[in-house]
Every structure is written in C-alpha cells, then in structure tokens.
Amino acid sequence: MTDFQLVVLSTDWLVYVLVAVIVATIIYIRRKPQLRAPWGRVAESRSGMVGLTVLLSFVLVGLLDSVHFRQRVQTGDAKVAYAVDVLSLLDVALEPLRKKREKTYSAPLAAVLFARETIELPDGGQVRDFPRLKFGGAALKDPQREWAADVAQSAVLGIAGGIAVWLLFALAATFITMRRDGATAKTAWLNIWRAETRVPWRAILLTLLAFCVIAGVTIALAAKYHVLGTDKVGQDVLYQSLKSIRTGLVIGTLTTLVMLPFAIAFGIAAGYLGGWIDDVIQYVYTTLNSIPGVLLIAAAVLMMQVYIDGHPELFPTAAQRADLRLLFLCIILGITSWTGLCRLLRGEALKLKELEYIQAAQAFGVRSHRIITRHILPNVMHIVLISVVMEFSGLVLAEAVLSYVGVGVDPSMNSFGTMINNARLEMAREPMVWWSLAAAFVFMVTLVLAANLFADAVRDAFDPRVRTRAIPLAELAKLRAQSPSGTEQA
C-alpha cells in the first residue's frame, strides 16, 4: 500500500502531451537535414541560446510542479484516507519554505517582523518593539550583531556551491566540444573561452554561472532566512514566486495549443479557397475583434465559476477546482487570440496559391485538401512557429493583467497576477511592503525577456527575408585582419 495517491489534473495531462509532442518533434527534426538547418542557425545565436538556457530553467520548475499527488494520512480505523491538499514534486523540494510560516509581514532576510507590536516582558511590563521571527534568523542570539556575518557566511558558501555545480556544466560543454571537433580537452576549453565554437558555449556557460551562483546563494540563505520576505499571512514570497512559474508556462503553452487549430484551418481556408468561405471567415474574426477581449473573458470565466460553485461534488479538492478554471481560461484566451495569426496565414495563402507549382497541381486535378496539406501548409509553418514563440510572452503578461482585475486564475492558485493583485494594497500602507510586487516583477520579466530573446533568434532563423548567422568573435577578428586597410579606413 503506497503512502501517496497520484493525482493527474486536467492541465497535467495537456502538459504531458505537450512534452511528448516536443520530444517527438525533436526526433523528427534530427532526421531531416532541411529542418535541422534553420534550428542550427538558432543554436548559433548567442542571445537565443542565452534565452533558451533561462527558459529551460523555468521549464524544469514547471515540470516539477506538474506531478501532483495526495499524501496518506493516519486514521483511527483501518480505512485508507488521503489528505485533501494536493502537493507536487516542487512542493516536496520546497518543503522547508512551504512549512516555515511566520505571523505576518517580514522583510527579505529579516530576523524580526516588519511592524512593531506590543511585547510582554518577563516582569509583566510591555514594550513596543519588533518581535523575533519564528523561523527567519532563529539561530541568531543577537540579530543586530550577528546578522551581517551570518548572511555573508551563508552567501559565500552558496557561491562556492554554485561554482562547483557550474564546473560540472563546464566539463559537459568541454566534452561535447571534444567529441564534435575531435580536439583535446585543453583545445576544446580554449575554443569555448575564446568563443570560437559554432554553438556559443561561452555565452551559455556564463549564463549558467550566473544562474548557479544565484541559486546557490538563494538555497544557502533560504535554509536560515526568508530570502524574499513573507506576505500578510506569513507565507514565504520565494515559494509563491516559484509556484507561480507553472501557471505562467501553462497559460503561454496550452493557450497556443487551443489557438493553432483555429488560426491554421481558418487562415489557410480563407486564403486558398476564397469566395464565400473567405467572406464568412473574415466576418467571424472581424466580429470577434470588435468585442472587447476582457469583457468576453470575464463573462466566460464567471460562467465557469458559477458552474463550479453549483457542482461541488464534481471537484473533490480545491486544486481540481482551481485547475479547471485555469484550463477554461486557456481555452477562452485561445479562442479570442487566433485572429492575428489567421490574418497572416490568409495573406500568405493568397500569395502561395498564385505560384506556378500550385497552379500546375490544380491543372492536373489534384484535390484542394491535398494541395493544402502538401504545398500550402509546409510553406506557412515558419510563420506559425514565429508567431507561436512570440505570442508566448504576450500570454504570460495577459494572465498577470487578467488576474490583477480579478478575472484570471483562481485566487487560491499561485500566479504572478495574483501576487501583483495582493500587493496592490500592500503598496499603499506605511511603511510600504514592496517585496511581493518586486519578486513577481523580477520573475515575470526574466521569463518574458528570455522568451523574447529566443523568439528573436527563431524569427531570424526561419524568416525567409532574414538570413543571418552569429559569427564567433575570433572569426570576426580574423575577417577584419584579412580585410584591406583601405576598406577599413573607408
């Protein structure tokens, strides 16, 4: 008999399917030279690989938070019972942060509460002072004297641990370069450090170095303090920020899965078939664009919330109720955001159907659906891929805005928008509680910036109007040295 019960939420199934599709796509691309070429150009982009490195760290956190289970609880009889709370592997990894709850607000790395309270003295007197935290800095006997040295010592240990982990990544990159170039370990490392490799390993390793150092310092300090402080109910803000990553990733990816079928089918059909089909599709997406998106999303989410509240027997746990609302939000966002890509695909299909090989296929009597699947669809996939990658960051920001106005995810679900919404009143109090908003802002901006950097690299690689290649610094220096002096002066 197991000590836990596996719980697969609705969005978990879709996340697993998405991961399987991505793995299958990677295997398929590796077997097709014509598909490997543009992705090879993505791998040569320094900014693109830096963004991908950061994105993968967020994806790892999101995947750990997508494996859910319920723990077994002890009961007086022999009946098996499981806890109501649904946990994930990320909750297990962050268990110290999850269980260390304080009374109320505390600043980052603080050892006392943020506000003064009346404290009872042993002699029966009272004094207004900052009470000690239950967990943050609990090992300090005199916080005023010992705090700075303890934080510095923990930070140094974290930096050392981060560098040790980074050395493993450096060894892996050196080994890969050795196998690819057939060079010795010393030569491979020098090529990496001089940026003479085709894949920008130096940029990747520098990004990993920063990530490992930050993670090492955070882990070392989180064992003793609340690194990003606590909120009104005493919950660790760092824990909330890490738990919010999955919500942003789910919104950005699953919404795309809902949007793509509408955009591809309607866009290609309108452009290639034309006639009354084109008129109907244009009328549909013009009408949809005329409806304020926030109002449509708010109405749909409120209808779903009424259904959930009216059928509590269908949802045994609060996590399942919140997950259904998240899934429904993805569906609504997908239904309302396909019009832009549909217009792009319609214009591209109008251009492609006038090309000679399409007209030749029509003259030979090839059916329309075969022309669309064999000739039109493959030639518009670069637009689809570019739009999908660039749309991701916009959807992450959209979730934050919707949750801020109260029509986003369930209030019990951790998300960047929920953190920002909860911090709205905290910013108005005196003294101001700024760390919840700052944490959500930093995490969200890092995720969106990484997605934008990777999207730019994908656009440059797949857009037929742009054909650039990232030139290593050493190769660029050689080209400048070989150029005539008169050309340089000019």
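Our subject is the structure listed above.
Before going into details, it helps to say that this report is about the structure given with it. Since we're looking at a predicted model, the values are computed, not measured.

**Quick notes on helix α15 (residues 368-404)**
Between its first and last C-alpha atoms α15 spans 46 Å; for 37 residues at 1.5 Å apiece the expected length is 54 Å, and the helix comes up short by more than 12%. Roughly 45 degrees is the biggest bend found in α15, and it falls at Leu377, with proline Pro378 one to four residues downstream.

**Side note on the environment of Pro431**
Here Pro431 is to be found in the loop between α16 (416-426) and α17 (435-462). Linking Pro431 and Ala263, residues 168 residues apart in sequence, is a C-alpha distance of 49 Å.

**Some points on the packing of helix α7 (residues 185-193) against helix α8 (residues 201-222)**
At a minimum axis distance of 7 Å, the contact between α7 and α8 shows a crossing angle of 80 degrees. Classified by the angle between their axes, α7 and α8 sit roughly perpendicular to one another. Contacts between α7 and α8 involve Trp189, Ile192 and Trp193 from the former and Trp201, Arg202, Leu205 and Leu206 from the latter. Looking at the contact of α7 with α8 residue by residue, the classes come out as six nonpolar, no polar and one charged.

**Considering a nonpolar patch on the surface**
Side chains of Val19, Val23, Ile27, Leu56, Val59 and Leu63 sit close together on the surface and give an oily, nonpolar patch of about 440 Å² of accessible area. Going through the elements one at a time, α1 (10-30) and α3 (46-64) are the ones with two or more residues in the nonpolar patch. Within the element layout of this structure, Leu56 appears in helix α3.

**Regarding unusual backbone geometry**
Its identity as a non-glycine residue notwithstanding, Leu109 has a phi of 60 degrees, on the positive side. Residue position: Leu109 is located in the loop between α5 (95-99) and β5 (117-120). Given a relative accessible area of 18%, Leu109 falls into the buried group. Of note in this structure, Ala195 is not a glycine but carries a positive phi near 60 degrees. Residue Ala195 is classed as buried on the basis of its relative accessible area, which comes to 13%.

**Things to note about the environment of Ser387**
Relative to the helices and strands, Ser387 resides in helix α15. In sequence terms Ser387 and Gln144 are 243 residues apart; their C-alpha atoms lie 54 Å from each other. Excluding anything up to four places from it in sequence, Ser387 contacts Leu341 and Leu344.

**Some points on the packing of helix α10 (residues 275-290) against helix α13 (residues 339-352)**
As a packed pair, α10 and α13 sit with axes 10 Å apart at the nearest point and diverge in direction by 150 degrees. It follows from the interaxial angle that α10 and α13 lie roughly antiparallel. Crossing of α10 against α13: the hand is left-handed. Seen from α10, the contacting residues are Asp278, Ile281, Gln282, Tyr285, Thr286, Leu288 and Asn289; seen from α13, they are Thr339, Cys342, Arg343 and Arg346. Each residue belonging to the contact of α10 with α13 can be placed in one class, and the counts come to four nonpolar, four polar and three charged.

**Considering the nonpolar core**
Looking at soluble globular proteins, one finds that nonpolar side chains tend to be buried together. Val42, Ile245, Phe416, Phe443, Met444 and Leu447 are the most contacted members of the largest nonpolar core, which totals 49 residues. Contributions of two or more residues to this core are made by α3, α6 (143-181), α8, α9 (237-273), α15, α16 and α17. If sequence neighbours within four positions are ignored, Phe443 has contacts with Phe58, Leu228, Leu238, Ser241, Leu242, Ile245 and Phe416. Formed by 25 residues, the second largest nonpolar core is a distinct cluster that contains Tyr272, Ile281, Leu288 and Val384.

**Looking at the packing of aromatic side chains**
Considering all chains together, one arrives at seven aromatic pairs under this definition. Taken together, a centroid distance of 4.9 Å and an interplanar angle of 85 degrees make the contact between Phe114 and Trp435 edge-to-face. Of this pair, Phe114 sits in the loop between α5 and β5 while Trp435 sits in helix α17, and the two are 321 residues apart along the sequence. Summarising the aromatic geometry, the rings of Phe262 and Trp338 are spaced 6.3 Å apart at their centres and angled 25 degrees between planes, so their arrangement reads as stacked. Placement of the pair is Phe262 in helix α9 and Trp338 in the loop between α12 (318-336) and α13, with a sequence separation of 76 residues. Residue class for Phe262 comes out partly exposed when judged on its relative accessible area of 32%. Here Trp338 falls in the buried class, since its relative accessible area comes to 3%. Aromatic ring contacts, followed pair by pair, group Phe114, Trp434 and Trp435 into a single cluster.

**Considerations on the pattern of salt bridges**
One pass over the structure, following the stated rule, counts 11 salt bridges. With a closest N to O distance of 2.5 Å, Arg198 and Glu44 form a salt bridge. Here the residue Arg198 occupies a position in the loop between α7 and α8, and Glu44 occupies one in the loop between α2 (33-43) and α3, the gap between them amounting to 154 residues. Notably, a salt bridge pairs Asp460 with Arg459, separated by 3.4 Å at the nearest N-O pair. By relative accessible area, Arg459 is classed as partly exposed at 31%. A network of salt bridges, in which partner residues are shared, links Asp65, Asp91 and Lys243.

What counts as what
Residues numbered from 1 in each chain as written. Predicted model: local features only at pLDDT ≥ 70, side-chain atom pairs only at ≥ 80, totals over all residues. Heavy atoms only, no water. Helix = DSSP H or I, 4+ residues; strand = E, 2+ residues; numbered from the N terminus. Expected span 1.5 Å × (residues − 1). Bend = angle between axes of the 7 residues up to and from the residue. Axes fitted to C-alpha atoms, helices over the stretch in contact; angles between N-to-C directions. Parallel < 35°, antiparallel > 145°, perpendicular 65-115°, else oblique. Contact = heavy atoms within 4.5 Å. Nonpolar A, V, L, I, M, F, W, Y, C, P; charged D, E, K, R; others polar. Patch = residues over 30% accessible without salt bridge, like charges linked within 9 Å, V, L, I, M, F, W, Y side chains within 5 Å. Areas by Shrake-Rupley, 256 points an atom, 1.4 Å probe, with all protein chains shown as cover. Salt bridge = Lys/Arg side-chain N within 4 Å of Asp/Glu carboxyl O. Buried < 20%, exposed > 50% of the residue type's maximum accessible area, 1.4 Å probe, protein only. Left-handed = near helix turned anticlockwise from the far one by under 90°. Core = buried A, V, L, I, M, F, W, Y, C linked by side-chain atoms within 4.5 Å. Phe/Tyr/Trp six-rings, centres within 6.5 Å; stacked < 30°, edge-to-face > 60°.

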